[in-house]
Amino acid sequence: MGAGLSYPTLGGTHQAIEDVAVAMVCPNLTVLAPCDPAETEACVRWCMSRKSGGPVYLRLGKAGEPALTASVPPWQFGELRWLRRGRGNIAQRSLTCVLSYGPIAAEAVRVAETLDADMALVPTLMPAPVGLAVLADDYGRVVVVEEASGAPLAAQVRAAVGCLEVYNVDVQSFAIPREFPHIYGTRAELLAAVGLTAEKILEQLA
């Protein structure tokens, strides 16, 4: 609990920014990162119902995350959750897809809305969702927004679409730099300092 920059006033000792990259390379460790209260409840219930399958790392924010998933189908383990997807018609889909997970997904939603892009949540980070590989079928650009250092989801996406030599997919990554932020302030101020507000991301995409 308190993932990413959720404790912005307490400094680097309280900022869990390298955890996703570390957890995703641990053998037999399932990694889940819900973005809002409903997704968190679904992930917790899934964890409680398991009878086998190894340990789980459940990455949570702090409190007050906005509800993003009220109008989408229920969370299913290992699946992408589409918040925006061309009204179900492939011919109408955007050439850009935005991916994110955890509390930073609220900023990613603003990016997708401004770009009129499709967007999917990736609450199951490990094992890698099978849906990552098929992104290359529909999109020329994938924008990955993650409140973690090392850009672990972006690396997954590049691995999934990079092996498909017939495709040319531009994967653009926005993540926390691989150093602890040496500043204090509000969460919004820290996100701006590391380039993860919607405004900062859009400036770099322009």
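Conventions we followed
- Residues numbered from 1 in each chain as written.
- Predicted model: local features only at pLDDT ≥ 70, side-chain atom pairs only at ≥ 80, totals over all residues.
- Heavy atoms only, no water.
- Core = buried A, V, L, I, M, F, W, Y, C linked by side-chain atoms within 4.5 Å.
- Buried < 20%, exposed > 50% of the residue type's maximum accessible area, 1.4 Å probe, protein only.
- Helix = DSSP H or I, 4+ residues; strand = E, 2+ residues; numbered from the N terminus.
- Contact = heavy atoms within 4.5 Å.
- Axes fitted to C-alpha atoms, helices over the stretch in contact; angles between N-to-C directions.
- Parallel < 35°, antiparallel > 145°, perpendicular 65-115°, else oblique.
- Left-handed = near helix turned anticlockwise from the far one by under 90°.
- Nonpolar A, V, L, I, M, F, W, Y, C, P; charged D, E, K, R; others polar.
- Phe/Tyr/Trp six-rings, centres within 6.5 Å; stacked < 30°, edge-to-face > 60°.

S.K.: Looking at this model, I keep getting lost on the nonpolar core. Mind explaining?
M.R.: Note that soluble globular proteins tend to have their nonpolar side chains buried in a common cluster. Membership of the largest hydrophobic core comes to 29 residues, with the highest contact counts inside it found for Leu-99, Leu-125, Leu-132, Leu-135, Leu-153 and Val-157. Within the residue set of this core, elements represented by two or more residues are α1 (19-24), β4 (96-100), α4 (135-138), β7 (141-149), α5 (152-162) and β8 (170-176). Element by element, the count of residues in this core is highest for α5, at 5 residues. Not counting chain neighbours up to four residues away, the residues in contact with Leu-99 comprise Ala-120, Val-122, Leu-132, Leu-135, Val-142, Val-143, Val-144, Val-145, Leu-153 and Val-157. Core analysis: the second largest hydrophobic core is formed by 25 residues, Ile-17, Cys-35, Val-109 and Val-145 among them.

S.K.: Looking at this structure, how should I read the packing of helix α3 (residues 105-115) against helix α7 (residues 198-205)?
M.R.: Two measures define how a pair of helices packs: the angle their axes make with one another and the distance between the axes. The interhelical angle for the contact between α3 and α7, taken along N-to-C directions, is 45°, at an axis separation of 9 Å. Viewed along their axes, α3 and α7 adopt a mutual orientation that is oblique. In this structure, the crossing between α3 and α7 has a hand that is right-handed. Contact residues: Glu-107, Arg-110, Val-111, Thr-114 and Leu-115 in α3; Ala-198, Glu-199, Ile-201, Leu-202 and Leu-205 in α7. Per-class residue counts for the contact of α3 with α7 are 6 nonpolar, 1 polar and 3 charged.

S.K.: Explanation requested: unusual backbone geometry in the structure shown.
M.R.: For residues other than glycine, phi is negative in most cases, and the peptide bonds are mostly trans. Cis geometry marks the peptide bond from Met-126 to Pro-127; its omega dihedral reads 5°. Its location among the elements puts Pro-127 in the loop between β6 (124-126) and α4. A positive phi angle, near 60°, is found at Asn-28, a position not held by glycine. Mapped onto the elements, Asn-28 comes out in the loop between α1 and β1 (30-32). Non-glycine residue Asp-116 carries a positive phi angle of around 55°. Under the relative-accessibility criterion, Asp-116 is labelled exposed at 55%.

S.K.: How do you make sense of the packing of aromatic side chains when you look at a structure like this?
M.R.: Where two aromatic rings form a pair, the distance of their centres and the angle of their planes describe that pair. In total, this model carries 4 aromatic pairs according to the counting rule given. A centroid spacing of 6.1 Å and a plane angle of 90° characterise the contact between Trp-46 and Trp-75, whose relative ring orientation is edge-to-face. You can see Trp-46 sitting in helix α2 (residues 37-49) and its partner Trp-75 sitting in the loop between β2 (56-58) and β3 (81-84), a full 29 residues away along the chain. Here the two residues Trp-46 and Trp-75 agree in accessibility, since each one is buried. Taking 6.2 Å as the distance between ring centres and 25° as the angle between the ring planes, the aromatic pair formed by Trp-82 and Tyr-139 counts as stacked. Here Trp-82, found in strand β3, pairs with Tyr-139, found in the loop between α4 and β7; they are 57 residues apart in sequence, far enough to count as distant. Here the aromatic residues Trp-46, Trp-75 and Phe-77 are joined through ring pairs into a cluster of three or more.

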